[in-house]
Amino acid sequence: MRFSKAFIPTQKETPADAIIPSHQLMLRAGLMRQLTAGVYMFLPLGQRALLKAMQIVREEMDAIGGQEFLYPALNPESLWIQTGRRDIPNFILSIKERELVLAPTHEEVVAWLAAMHIQSYKDLPQIWYQIQTKFRNEPRPRSGVLRGRQFIMKDSYTLDTSWEGLDKGYDLHAQAYRNIFTRCGLKFFEVGASSGAMGGTGSQEFMIESESGEDAVVRCKKCGYAANLEIATSSIPLAGRLGASKPTAEIHTPNVRTIDELASFLKADHTRLAKSLVYRHNGQPVLILMVGNDQLNESKLSAALAGGEIKAMDAQELKALTGADAGSIGPVGLRRFRIIADKRLESANNLIGGANKNDYHLGNIDMERDVTLDGYFDLRTIEDGEPCPTCSSPLKISNAIELGHIFKLGTKYSESLNVTFLDENGQVKPVVMGSYGIGIERIVACAIEQSRDEKGIIWDKALAPYLVHIIAVNMNNKDIVLASNQVYKALTEASLETLFDDRPNVTAGFKFNDADLLGMPLQIIVGEKGLRNNQVEVKIRSTNERKMVSKEDLVSEVRKLLAS
RNA sequence: CGGAACGUAGCGCAGCCCGGUAGCGCACUUGCUUGGGGUGCAAGGGGUCGCGGGUUCAAAUCCCGCCGUUCCGACCA
């Protein structure tokens, strides 16, 4: 491609709305432009990178026996009502004029198709995938392409006769994903994850570590334990039983509101304090007991309550319901509340909690004796440095970007959409499904997050829009024009994707800076100095290494450098 | 959905407090210049000051409403 004829709107200045490096560089290098919040258009350079990512994904999906489909983005609303996902908050965007919705993912459509055509165990297993635009009603798009209202996703679905079959399809995907991200040049890791609104029994995420990430992940350096903070656990000690249980007693605690105030007022250890949090689950009041200052993890709470709508109760509502303020609520003698507790409180005694009476706390609470409990659940958010649940080494929490997510769905969708087959014995059984996603734009954005410098992008050759970037230093010099055109012709004929900066009246420095910003793996600088010896200069973007190469040897030298 | 900020030329911003000529840098056009790290000089083009209403002789500027965008939080398949 000749730069003089190309649409590559580079910008020297950083757009004010872009905060994270990949977003800034994708705009500055002319890869994309924002149309409206969470919606981007890809320009030719960006589109080339996306296509490369898609091609890698496609090859690896085909390699595990995947068959490529193209499902419709427009779906009948009724399909989503059937699975109960129409009303998930902030999920679906809909069409005003018809009873249609824009698909946020395609389990429903896949299940619909399978219900129609999968009849027998002989039709299974299947791996169906597509690369398609998804739409979601993101309340808050951000970080450029990392969280948009419209994005391209590779989504695949396995259909199996059994859970063992699902495990196989799941493992195939995990390996395919490792291949994909490795080929894209990404430094990634895997974590156990929450399956959230997708439902199902197990899931893993493929992440890259990044300050810009909106997920928090927990990892153990020593044993390799890795989990999303949403589900991560630690082997922090239980509160446990401390001596013999004493009779409960009210303690006057004037103006004590927070756990820290309570701890210092009573000179008590945090592990003896039972914090009460109040929520509504599907409208019903729930009291949640936590140790001291442990933070409630709402993902875990949602899992413990088996889904449904969860909302923290506000102070007014609480007062109306119990007659006490938030700092004084406790588990003993509280009516109309379902009570659950964090596992750390299991069988604990001699605890101090709210007395359901302002300015009073209740001492010597025994979980076994005094609390009518619906069960203990893991509900706390772990903190940096806590002991690993498997090897007790200190855990480390960091931010990460989710590139891919794989789910064992099971029969959730096949049951609600009646996807069944006849097994060897003529028995009707539900198809066992898995669902697997990769964000295509995220691959590109993560590649840039991981590989860049103060000058611009440093593309891996796997995703680079072009492999080679020729800079004709001075288009007023006939020798340079001639030589650079020869070089461009030779590389193009050798099927090496080449961008040729042939812009007249653009100074050398300007071209160098644009080339560094665009970040193609190799730059070939055609200038007077080299031509005197019939040579051109090859610069490796990633290392800034330069070498003079004769025009005759250039194609083979470029091939060699790209192969290494 | 809570909190905050911003909206003036393609981009980055000043002007607004204290009402009266719309400005700077980059980019763009033309000419000359330069030609190995965003050359220099000169002359130009480009704006319903987000939209609507109000106050006023007069509104980018003051007031009200709306819309949009971003950031923090909530949410996030």
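Residues numbered from 1 in each chain as written. Chains lettered and ligands numbered in written order. Predicted model: local features only at pLDDT ≥ 70, side-chain atom pairs only at ≥ 80, totals over all residues. Heavy atoms only, no water.

Participant: Give a description of the sheet that holds strand S29 (residues 468–472) that names residues and reports values.
Facilitator: Spatial ordering of the open sheet is given by S30-S29-S31-S32-S33, a layout of 5 strands whose pairing is mixed. Taken across any chain shown, the strands that pair with only one partner, and hence form the sheet edges, are strand S30 (498–501) and strand S33 (546–550). With strand direction ignored, the average angle separating the axes of adjacent strands in the sheet is 25°. The pairing of strand S32 (residues 535–540) with S33 spans 5 bridges and is classified as antiparallel. From the neighbouring strand, Gln535 faces S33, where its bridge partner is Ser550. Where helix H13 (residues 508–518) meets the sheet, it contacts S29, S30, strand S31 (522–526) and S32, and its direction lies at approximately 170° from that of S29. Sheet strands touched by helix H15 (residues 554–563): S29, S31, S32 and S33. Its angle to S31, the strand with the most contacts, is close to 155°. (Pairing = 2+ DSSP bridges. Helix = DSSP H or I, 4+ residues; strand = E, 2+ residues; numbered from the N terminus. Axes fitted to C-alpha atoms, helices over the stretch in contact; angles between N-to-C directions. Contact = heavy atoms within 4.5 Å.)

Participant: How would you explain empty space enclosed by the protein if you had to name every residue and give the values?
Facilitator: Within this structure, the stated rule accounts for 1 cavity of 30 Å³ or more. Taken as a whole, the largest cavity spans an internal volume of roughly 70 Å³. Every residue lining the largest cavity is listed: Leu146, Arg147, Ser212, Gly213, Glu214, Asp215, Ala400, Ile401, Glu402 and Arg442. By residue number, the principal contributor to the lining of the largest cavity is strand S23 (residues 396–410), which donates 3 residues. Looking at the lining of the largest cavity residue by residue, the class counts come to 3 nonpolar, 2 polar and 5 charged. (1 Å grid on protein atoms, 1.4 Å probe; cavity = no way out; pocket = protein on both sides within 12 Å on 5 of 7 lines; lining within 4 Å. Points joined across faces, edges and corners; volume = space filled by probe spheres on them. Nonpolar A, V, L, I, M, F, W, Y, C, P; charged D, E, K, R; others polar.)

Participant: Account for the packing of helix H12 (residues 478–493) against H15, with residues named and values stated.
Facilitator: At their nearest, the axes of H12 and H15 sit 10 Å apart, and the two run at 55° to each other. Comparing their axes, H15 and H12 come out oblique. The chirality of how H12 crosses H15 is right-handed. Residues Val487, Ala490 and Leu491 of H12 form the contact with H15, whose participating residues are Leu554, Val555 and Val558. The residue makeup of the contact of H12 with H15, split by class, is 6 nonpolar, no polar and no charged. (Parallel < 35°, antiparallel > 145°, perpendicular 65-115°, else oblique. Left-handed = near helix turned anticlockwise from the far one by under 90°.)

Participant: So what's going on with the sheet that holds strand S20 (residues 360–365)? Residues and values would help.
Facilitator: If you walk across this open sheet you meet the 3 strands as S13-S20-S19, and the pairing is antiparallel. Strand pairing shows two members of the sheet lacking a second neighbour, strand S13 (249–252) and strand S19 (351–354), which therefore form its edges. Strand-to-strand twist across the sheet, computed as the mean angle between neighbouring axes with direction ignored, equals 35°. Sheet topology note: the S13/S20 ladder contains 4 bridges and is antiparallel. Bridge pairing in S20 links Ala249 to Gly363.

Participant: So what's going on with unusual backbone geometry? Which residues, and what values?
Facilitator: Glycine aside, residues mostly have negative phi, and peptide bonds are mostly found in the trans state. Across the junction of Leu124 and Pro125, the peptide omega takes the value 0°, indicating a cis bond. Position of Pro125 relative to the elements: it lies in the loop between helix H4 (107–117) and strand S7 (126–135). The residue Asn90 is not glycine, and still its phi comes out positive at about 55°. For Asn90, the location among the structural elements is in the loop between helix H3 (77–82) and strand S5 (93–94). Even without a glycine there, the phi angle at Lys267 is positive, about 50°. With a relative accessible area of 74%, Lys267 lands in the exposed category. (Buried < 20%, exposed > 50% of the residue type's maximum accessible area, 1.4 Å probe, protein only.)

Participant: Break down the environment of Ala226 for me, citing the residues and quoting the values.
Facilitator: For Ala226, the position within the fold is in strand S12 (residues 226–228). Separated by 140 residues in sequence, Ala226 and Arg86 place their C-alpha atoms 33 Å apart.

Participant: An account of the packing of helix H1 (residues 21–28) against helix H11 (residues 440–450) is needed here, citing residue identities and associated values.
Facilitator: Between H1 and H11, the shortest axis-to-axis distance is 8 Å and the interhelical angle comes to 105°. One way to sum up the angle between H1 and H11 is to call them roughly perpendicular. Taken together, the residues of H11 that come into contact with H1 (itself represented by Pro21, Ser22, Leu25 and Met26) are Val444, Ala445, Ile448 and Glu449. Here the residues of the contact of H1 with H11 sort into 6 nonpolar, 1 polar and 1 charged.

Participant: Explain the packing of aromatic side chains residue by residue, including any values.
Facilitator: One pass over the structure, following the stated rule, counts 11 aromatic pairs. Judged by centre distance (5.8 Å) and plane angle (45°), the rings of Phe181 and Phe206 are tilted. Of this pair, Phe181 sits in helix H5 (residues 163–183) while Phe206 sits in strand S10 (residues 202–209), and the two are 25 residues apart along the sequence. In textbook terms, an aromatic cluster arises when at least three aromatic residues are bridged by ring pairs, as seen for Phe69, Tyr71, Trp128 and Tyr157. (Phe/Tyr/Trp six-rings, centres within 6.5 Å; stacked < 30°, edge-to-face > 60°.)

Participant: Provide a residue-level description of the confidence of the model for chain A, including the pertinent values.
Facilitator: Scored by pLDDT, chain A has a mean of 93; 99% of the residues are at 70 or more. Two summary scores accompany this predicted model of the complex, namely pTM at 0.94 and ipTM at 0.94. (pLDDT = per-residue confidence, 0-100.)

Participant: Got a sec to walk through the pairing of strand S18 (residues 338–342)? Specific residues and values, please.
Facilitator: Of all 5 residues in S18, 4 are buried, a share of seventy percent or more. Sheet topology places strand S15 (residues 284–291) next to S18; 4 bridges connect them, and they run parallel. What sits directly across from Leu287, in S18, is Ile339. Both S18 and strand S21 (residues 376–377) contribute to a ladder of 2 bridges, which runs parallel. By the bridge assignment, Ala341 is partnered in S21 with Tyr376.

Participant: Give me the lowdown on the nonpolar core, citing residues and values where you can.
Facilitator: Tyr177, Ile180, Phe181, Ile443 and Trp459 are the most contacted members of the largest nonpolar core, which has 59 residues in total. Among the elements that make up this core, the one with the highest residue count is helix H2 (residues 44–63) (8 residues). Per-domain counts for this core show at least three residues from each of domain 1 (20–232 + 396–448) and domain 3 (466–563). Other than its neighbours up to four places away in sequence, Phe181 contacts Leu186, Phe188, Phe206, Leu403, Gly404, Ile438 and Ile443. Ala483, Leu496, Val526 and Val538 belong to the second-largest nonpolar core, a separate cluster that totals 25 residues. (Core = buried A, V, L, I, M, F, W, Y, C linked by side-chain atoms within 4.5 Å. Domains from an automatic or database assignment.)

Participant: Outline the pattern of salt bridges, listing residues and values.
Facilitator: Applying the stated criterion to the full structure yields 36 salt bridges. The salt bridge partner of Asp155 is Lys134, with a shortest N-O separation of 2.8 Å. With Asp155 in strand S8 (residues 150–160) and Lys134 in strand S7, this pair connects stretches of sequence that are 21 residues apart. Accessibility expressed as a relative area gives 2% for Asp155, which makes it buried. The shortest N-O distance in the salt bridge between Arg338 and Asp374 comes to 2.6 Å. (Salt bridge = Lys/Arg side-chain N within 4 Å of Asp/Glu carboxyl O.)

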